[in-house]
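Results of the structural survey
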Amino acid sequence: MYYKKEFIRAVCIYLITYLVLLVAVLGLLYAYPKPELHMMLNAHHTSCQDTFFKYYTLLAEWPLYVLALIPLLWKKWKITLFYAICEATGGVFVQILKHLFSADRPIVVFENYPDMVLPLVEGVELHHSNSFPSGHTSTFFVFFTCMVIVMAYYYCKNDKLHNLKNRVLFYVATLLPLALAALGGYSRIYLSQHFLSDVCVGSIIGVITPFLMFFLCKDKILKIEN
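Residues numbered from 1 in each chain as written. Predicted model: local features only at pLDDT ≥ 70, side-chain atom pairs only at ≥ 80, totals over all residues. Heavy atoms only, no water.

As for the overall build of the chain
- Along the backbone of the chain there are nine helices and zero strands.
- If you list the helices and strands of the chain from N to C, you get α-α-α-α-α-α-α-α-α.
- Computed over C-alpha atoms, the radius of gyration of the chain comes to 19 Å, within 12% of the 17 Å expected from 2.2 N^0.38 for 226 residues, which places it in the range of a compact globule.
- Taken along the three principal axes of its C-alpha coordinates, the chain extends 60 × 30 × 30 Å.
- Looking at the 226 residues of the chain, the share that counts as buried comes to 45%.
- Of the contacts made within the chain by residues no fewer than 6 positions apart, 86% connect residues no fewer than 24 positions apart. (Helix = DSSP H or I, 4+ residues; strand = E, 2+ residues; numbered from the N terminus. Rg over C-alpha atoms; globule rule 2.2 N^0.38 Å. Buried < 20%, exposed > 50% of the residue type's maximum accessible area, 1.4 Å probe, protein only. Contact = heavy atoms within 4.5 Å.)

Written out as C-alpha cells, the structure is:
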C-alpha cells in the first residue's frame, strides 16, 4: 500500500498541471471558432521558430522511439516494453478516431476562408485528411507521460521521496516532460498540420493511455507493490 500511495502523490503534480492546461485549452475551444482560434495561435511566426518547430515535431516520427530503446543498454527491457505497449495502444485509439471522423486538415478547411491567410512554414509538406486527433501529439504525450510514470515508480520503490528536498526536485522535474510534450503538441498547430481540438484530444489519449496501461500491467511489467 505504501508504494501505491507514494506513487499517486509523486505523479499528482504532473497530472494536476496537465488538467489545468487542459481546462485552459477547453476554454479556448469553447470561446472561439476553430479557424479564428487557429489564426490566433499562429499569429507570430519568426524564422527561428519556423526552423525549431519544423524539426522538433519530427521527434515524434522516430527519435522518441529510439530513445525508448535506451533502457535496453542497462537491461531494463521492461521499461521499453511498457513504452511499446502504451504507444501501440494509444496508436490504435488515434487511428480509430482518425478514420471514424475523417476530419479535414487546416489547409483544406481554410480554402473556405479566402480572407484568412494560413501561416505556412517553408519546406513542410501539409497533410489534407485525418486531422482528428493528432497522432504526433499523442506520441509526444505517451513518451513523456511514460517517463514520469517510470521516474515516479523507481523513486517510490527506492524510498527517495521521504526527503523534502528530493520530493520538491522530483515534482519540478516532472514538469519538464509535460512542457516538452506540450511543445510537441503546439508544433502541430504552428505548422498548420492540426487544429487545437486535434492536439487536445491527442494529448488526452497520450496521458490516459500510459496510466491505464500502468495500472492494468504494473504487476507484470514494473511490479509495483500494492
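Text resumes after the structure shown.
Quick look at the layout of surface pockets
- In this structure, the largest pocket encloses a volume near 350 Å³.
- Around the largest pocket, the lining is made up of 14 residues, and of these Leu67, Ala68, Pro71, Ile79 and Val150 lie nearest the centre.
- With five residues, the single largest contributor to the lining of the largest pocket is helix H7 (residues 135-157).
- Forming the boundary of the second largest pocket are 15 residues, of which Leu21, Val25, Ala182, Leu196 and Val199 lie nearest the centre. (1 Å grid on protein atoms, 1.4 Å probe; cavity = no way out; pocket = protein on both sides within 12 Å on 5 of 7 lines; lining within 4 Å. Points joined across faces, edges and corners; volume = space filled by probe spheres on them.)

Considerations on H7
- Taking 1.5 Å per residue, 23 residues should reach 33 Å; H7 reaches 32 Å between its end C-alpha atoms and fits that length.
- Along H7, 17 of the 23 residues are buried, which leaves the element largely enclosed by surrounding structure. (Expected span 1.5 Å × (residues − 1).)

Structural notes on the packing of H7 against helix H9 (residues 196-217)
- Closest axis-to-axis distance for the H7/H9 pair is 7 Å, and the angle between their directions is 35°. The way H7 lies across H9 gives a crossing that is right-handed. For the pair H7 and H9, the contacting residues are Thr137, Ser138, Phe141, Val142, Thr145, Cys146 and Ile149 in the first and Val199, Gly202, Ser203, Ile205, Gly206, Val207, Pro210, Phe211 and Phe214 in the second. (Axes fitted to C-alpha atoms, helices over the stretch in contact; angles between N-to-C directions. Left-handed = near helix turned anticlockwise from the far one by under 90°.)

Quick word on the packing of aromatic side chains
- The final tally for this structure, using the stated rule, is 19 aromatic pairs.
- Ring centres 4.5 Å apart and planes at 20° place the aromatic pair Phe7 and Phe214 in the stacked group. Here Phe7, found in helix H1 (residues 2-31), pairs with Phe214, found in helix H9; they are 207 residues apart in sequence, far enough to count as distant.
- Note on Phe7: relative accessible area 1%, which makes it buried.
- The exposure class of Phe214 is buried, given its relative accessible area of 1%.
- Centre to centre, the rings of Tyr18 and Phe141 are 5.8 Å apart; their planes meet at 65°, and the pair counts as edge-to-face. Taken together, the residues Tyr18 in helix H1 and Phe141 in helix H7 connect sequence positions 123 residues apart. (Phe/Tyr/Trp six-rings, centres within 6.5 Å; stacked < 30°, edge-to-face > 60°.)

Describing unusual backbone geometry
- For the bond running from Phe132 to Pro133, omega is -5°, close enough to zero to count as cis.
- Its place among the elements puts Pro133 in the loop between helix H6 (106-109) and H7.
- Although it is not a glycine, Ser102 adopts a positive phi angle of roughly 45°.
- Looking at the secondary structure, you find Ser102 in the loop between helix H5 (77-101) and H6.
- Accessibility expressed as a relative area gives 44% for Ser102, which makes it partly exposed.

Regarding the confidence of the model for the chain
- Mean pLDDT over the chain stands at 91; residues scoring 70 or higher make up 94%.
- Per-element confidence in the chain is highest for helix H3 (residues 47-56), whose mean pLDDT is 97, and lowest for H1, whose mean pLDDT is 89. (pLDDT = per-residue confidence, 0-100.)

What to know about a nonpolar patch on the surface
- The grouping of Leu67, Ile70, Leu73 and Trp74 at the surface amounts to a nonpolar patch, some 450 Å² of accessible area in total.
- Turning to its location among the elements, Ile70 is positioned in the loop between helix H4 (63-67) and H5. (Patch = residues over 30% accessible without salt bridge, like charges linked within 9 Å, V, L, I, M, F, W, Y side chains within 5 Å. Areas by Shrake-Rupley, 256 points an atom, 1.4 Å probe, with all protein chains shown as cover. Salt bridge = Lys/Arg side-chain N within 4 Å of Asp/Glu carboxyl O.)

Focus: the packing of H3 against helix H8 (residues 164-190)
- The contact between H3 and H8 brings their axes to 9 Å, and the two run at 110°. When the axis of H3 is compared with that of H8, the two are roughly perpendicular. Pair H3 / H8 crosses with left-handed handedness. Between H3, through Gln49, Asp50, Phe52, Phe53 and Tyr56, and H8, the contact on the second element is made entirely by Leu180, Leu183, Gly184, Tyr186, Ser187 and Tyr190.
- Residue composition of the contact of H3 with H8, grouped by class: seven nonpolar, three polar and one charged. (Parallel < 35°, antiparallel > 145°, perpendicular 65-115°, else oblique. Nonpolar A, V, L, I, M, F, W, Y, C, P; charged D, E, K, R; others polar.)

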